[in-house]
Amino acid sequence: MWRCRKMVRRRRQAKRECGYSISTFKNTFLEQLRLPPSQFLAFVNHFLQPSWSINSVMENLELTRKTSRDWLSLCAEVCQYWAENQQNVIGGPGLEVEVDETVLVRRKYQRGRIVKTVWLFGGLERLTKKAFVVPLSTECDEGDKRDVKTLIQLITRYIRQGSIIYSDCRRTYSNLDNLGYTHYQINHSDPLNTSNDTHNIEQLWKSLKKCIIRPGMRLANLKQYAARMLFLRAVSPPTHSLHNFLLEAARLYKVSDDPEDCIPVPDVGHQ
C-alpha cells in the first residue's frame, strides 16, 4: 500500500497529511485476488516445482482442497496460454530439427479399451534442445486433426525455413523440400538405418508421458499437464520460472481502465 505523506492545508484547517493511498497491485491481475498476494506467490512457487503435490501445498499453506484446486486451475490456464501463444520458433539455416507425433491415452481404470486420447505434434532442435508441442485433437470422436494441411501449417509456424528436418516416413511430410526445408525421412523398421534417428524427440515424449499420465487424471487436464511440463522445460535458468510465470499471467489476465477490455481472474474462494 502506497500512502501520500505530503502535508496539505484544507480550508482554514491545520496542515495534515494528504492521506491518499493506493494499492501497490493497482492495475495488475493481483488486484483481483481474494488471497493475500504473498500466499498466492507461495502457491505459484510450489506449482512450479518439479515435485509438485497439491497435498503438500494444502499442508504448508493451510489451504482447503477446494481453494487449492481453484488456484491450481488458474496456474494451469496460464501455462496452457503460454503453450498456445508464446512458444518460441525453433531451427534455422543448417540447424537440425526432429518432428514427430504421439498420442496420450487414458484407459478406464488404467486397463481395457482406450476411452480418451489426445494427439500431440512437436519438434525439437537437436543442438539447443529447444522444443515446441501442440495438441492436435482432444477426444476420439472429434475426428483426426493430423491431416497434411494442419501439420504443414504448424511446421511453417514453428520451424524456420532453411532447417534440416528429420521425420518418419508418413506422406504428410513428403512436400517439405518444396517449402524451404531440407528434409530427411527415417525408416524406423530398417535395421540398416543407424546414421539418423529421432530419439531426441522420442525421449521428450517419454518424459512427457511419465509426468502427466497417472491414474485418476481427467481428460481436460491432459493439455494443462503437458503445458506445465513444457513451460518448466523452456524456462532457463529454473530460478526465473516465477518471474516468467507472472509475465504470462499478466498477458492472459490483462488489466485496463476500460472494464470491457479486461479478462477477469477466475473467482476463487477463500481458504
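Right above here is the structure, for reference.
Everything in this summary refers to the structure shown in the same document. (Residues numbered from 1 in each chain as written. Predicted model: local features only at pLDDT ≥ 70, side-chain atom pairs only at ≥ 80, totals over all residues. Heavy atoms only, no water.)

## Brief notes about the environment of serine 68
For clarity, the threshold we go by: Here a strand is any run of E in DSSP of at least two residues, a helix any run of H or I of at least four, and the numbering for each starts at the N terminus. Buried residues are those whose accessible area, probed at 1.4 Å on protein chains only, stays under 20% of the maximum for their type, while exposed residues exceed 50% and partly exposed ones sit between those limits. Contact between two residues is taken to exist if any of their heavy atoms lie within 4.5 Å; hydrogens are not considered.
Among the structural elements, serine 68 can be located in helix H3 (residues 65–85). Note on serine 68: relative accessible area 0%, which makes it buried. As a C-alpha pair, serine 68 and phenylalanine 43 span 25 residues in sequence and 8.5 Å in three-dimensional space. Those residues within four positions of serine 68 in sequence are excluded, and the remaining contacts are Phe43, Ile54, Met58 and Leu63.

## Let's talk about the nonpolar core
To be explicit about the condition: Side-chain atoms within 4.5 Å are what join buried Ala, Val, Leu, Ile, Met, Phe, Trp, Tyr and Cys residues into a set we call a nonpolar core.
Ranked by size, the top nonpolar core spans 41 residues in total, and within it Phe43, Phe47, Val78, Leu120, Leu204, Phe231 and Phe245 carry the most contacts. The greatest single-element share of this core, amounting to eight residues, is contributed by H3. In terms of nonpolar packing, the next biggest core, distinct from the first, is built from 17 residues, Phe121, Phe132, Leu136 and Ile152 among them.

## What about the pattern of salt bridges?
As a reminder of what qualifies: Each reported salt bridge corresponds to a side-chain nitrogen of Lys or Arg within 4 Å of a carboxyl oxygen of Asp or Glu.
For the structure shown, the criterion picks out five salt bridges. Several salt bridges converge on common partners, so that one network encompasses Glu96, Glu98 and Arg126.

## Quick look at helix H6 (residues 222–234)
Note: α-helices contain 3.6 residues per turn, so residues at a spacing of three or four share the same orientation. Note the cut-off: Here, expected helix span is obtained from the residue count minus one, scaled by 1.5 Å.
In this model H6 runs 18 Å from its N-terminal to its C-terminal C-alpha over 13 residues, within 8% of the 18 Å that 1.5 Å per residue would give. When H6 is considered as a whole, its buried residues turn out to be Leu222, Gln224, Ala226, Ala227, Arg228, Met229, Leu230 and Phe231.

## Remarks on the environment of leucine 35
Position of leucine 35 relative to the elements: it lies in the loop between strand S4 (21–22) and helix H1 (37–47). Since its relative accessible area comes to 6%, leucine 35 is described here as buried.

## With respect to unusual backbone geometry
What you tend to see is this: most non-glycine residues have negative phi, and most peptide bonds are trans. With phi around 55°, glutamate 62 is a residue other than glycine that occupies positive phi space. Structurally, the position occupied by glutamate 62 is in the loop between helix H2 (54–61) and H3. With a relative accessible area of 63%, glutamate 62 lands in the exposed category. For lysine 129, which is not glycine, the phi torsion reads 65° and is therefore positive. Tracing the sequence through the fold places lysine 129 in the loop between strand S6 (114–125) and strand S7 (131–137).

## Remarks on the layout of surface pockets
To keep it simple, the criterion reads: Cavities and pockets were defined on a 1 Å grid built over protein atoms only: a cavity is a set of grid points that admits a 1.4 Å probe from which the probe cannot escape, a pocket is an open set flanked by protein on both sides within 12 Å along at least five of seven lines, and lining residues are those with an atom within 4 Å of any such point. Grid points are joined across faces, edges and corners, and a volume is the space filled by probe spheres set on the points. The classification used treats Ala, Val, Leu, Ile, Met, Phe, Trp, Tyr, Cys and Pro as nonpolar, Asp, Glu, Lys and Arg as charged, and all other residues, Gly among them, as polar.
What the second largest pocket holds in volume is close to 420 Å³. In this structure, the second largest pocket is lined by 19 residues; those nearest its centre are Trp82, Asn88, Arg233, Ala234 and Val235. Listed by contribution, the elements that provide at least two residues to the lining of the second largest pocket are H6 and helix H7 (241–252). Residue composition of the lining of the second largest pocket, grouped by class: eight nonpolar, six polar and five charged.

## Let's talk about the state of the cysteines
To keep it simple, the criterion reads: Cysteine sulfur atoms are paired as a disulfide whenever they fall within 2.5 Å.
Inspection of the entire model under this criterion finds zero disulfides. Between cysteine 75, a cysteine without a disulfide, and cysteine 79, which holds the nearest cysteine sulfur, the sulfur-to-sulfur distance is 7.3 Å. Judged by its relative accessible area of 1%, cysteine 79 falls in the buried class.

## A closer look at H1
Operational definition: Here the arc refers to the directions that run from the helix axis out to each C-beta atom.
All of the buried residues in H1 are Gln39, Phe40, Phe43, Val44 and Phe47. Viewed along the axis of H1, the buried residues span an arc of 140°, placing them on a single side of the element. Buried residues belonging to H1 abut H2, H3, H6 and H7.

## Notes on the pairing of strand S8 (residues 164–167)
Residues in a regular strand point their side chains to alternate faces of the sheet. Selection criterion: A strand pair is defined by DSSP finding two or more bridges across the two strands.
Judged by which residues are buried, S8 turns out to be covered on both faces: Ile164 and Tyr166 on one side and Ile165 and Ser167 on the other are all buried. Where S8 meets strand S9 (residues 182–185), four bridges bridge the pair, whose relative direction is parallel. Of the residues in S9, the one forming a bridge with isoleucine 165 is histidine 183.

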